[in-house]
Amino acid sequence: MLASANINTPEYWDEVYRKECDSGQPRSEHYHRDYGPIHDAIVRLIPAGSEVLDIACGAGVLCRKIARHVPSSRVTGVDFSACVLERNRKLDKELGIDYRCLDIRHSLGAITKQFDVVTMCEILEHLEEPEKVVAAALNLLR
């Protein structure tokens, strides 16, 4: 039996996020990628003034919550969907969130900055080699 190809590509997620953004879902209080209580618990754990990296940030929901609720935080969100990151940059311009387009499966090492907090919500199950991404993420922690 042949193994199926992993559908999690930048093109696939560009299409998913384009449809969600065009329909206004990410701005809705019922957006299915807003993991309310989980995100709220994460936000409560982040000390004020932290440098935060959100890996596979998607529509930027967690980045936005951190920037709004953690005083003096500096938030960076990375994802490989250029479509959603372009939208996030426009939406979050006043929040100062740094959105970067890169493929976390291969390119986390290209980030030279160190962070106090690294988050990875709803991503590991999409990866063929999650242990490599986690190891690369750990290297980004101070």
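Scroll up for the structure.
Residues numbered from 1 in each chain as written. Predicted model: local features only at pLDDT ≥ 70, side-chain atom pairs only at ≥ 80, totals over all residues. Heavy atoms only, no water.

A. Just the overall build of the protein, in detail. Looking only at helices and strands, the protein features six helices and four strands. Reading the protein from its N end, one meets helices and strands in the order α-α-β-α-β-α-β-α-β-α. Put simply, the protein has 142 residues, and 44% of those count as buried. Contacts spanning at least 24 positions in sequence make up 57% of the contacts within the protein whose residues lie at least 6 apart. (Helix = DSSP H or I, 4+ residues; strand = E, 2+ residues; numbered from the N terminus. Buried < 20%, exposed > 50% of the residue type's maximum accessible area, 1.4 Å probe, protein only. Contact = heavy atoms within 4.5 Å.)

B. Representation of the state of the cysteines within the structure. Counted by the stated rule, this structure contains zero disulfides. Free of any disulfide, C57 has its nearest cysteine sulfur in C63, 4.6 Å distant. (Disulfide = S-S within 2.5 Å.)

C. Fine view of the side chain of D103. Note that D103 resides in the loop between β3 (98–101) and α5 (104–107). With a relative accessible area of 17%, D103 lands in the buried category. Among the polar contacts listed, one links the side chain of D103 to the side chain of R105, at a separation of 2.6 Å. Not counting residues up to four positions away in its chain, the partners in contact with D103 are F80 and L108. (Polar contact = N/O pair within 3.5 Å; in protein donor to acceptor, adjacent residues only side chain to side chain.)

D. Focus on the pattern of salt bridges. Considering all chains together, one arrives at nine salt bridges under this definition. The closest approach of N and O atoms between D40 and K65, which form a salt bridge, is 3.9 Å. Within this pair, whereas D40 is found in helix α2 (residues 36–45), its partner K65 is found in helix α3 (residues 61–69), the two being separated by 25 residues in sequence. Notably, a salt bridge pairs E129 with K132, separated by 3.4 Å at the nearest N-O pair. For E129, a relative accessible area of 41% gives the class partly exposed. (Salt bridge = Lys/Arg side-chain N within 4 Å of Asp/Glu carboxyl O.)

E. Region of interest: unusual backbone geometry. Of note, the phi angle at S72 is positive, near 60°, even though the residue is not glycine. Mapped onto the elements, S72 comes out in the loop between α3 and β2 (74–79). The exposure class of S72 is exposed, given its relative accessible area of 57%. We note that E122 has phi near 60°; this positive angle belongs to a residue other than glycine. Locating E122 in the fold gives a position in the loop between β4 (117–120) and α6 (130–138).

F. Here's a closer look at the pairing of β4. The two faces of β4 differ: V117 and T119 on one face are buried, but V118 and M120 on the other face are not. Bridge count between strand β1 (residues 51–55) and β4: four bridges; the pairing is parallel. Opposite V52, over in β4, you have V117 as the bridge partner. (Pairing = 2+ DSSP bridges.)

G. Main features of the packing of α2 against α3. Two elements in contact, α2 and α3, have axes separated by 10 Å at closest approach and are oriented at 40°. One finds that α2 runs oblique with respect to α3. The handedness of the crossing between α2 and α3 comes out as right-handed. Residues G36, H39, D40, I42 and V43 of α2 form the contact with α3, whose participating residues are V61, L62, K65, I66 and H69. Taken together, the residues of the contact of α2 with α3 break down into five nonpolar, three polar and two charged. (Axes fitted to C-alpha atoms, helices over the stretch in contact; angles between N-to-C directions. Parallel < 35°, antiparallel > 145°, perpendicular 65-115°, else oblique. Left-handed = near helix turned anticlockwise from the far one by under 90°. Nonpolar A, V, L, I, M, F, W, Y, C, P; charged D, E, K, R; others polar.)

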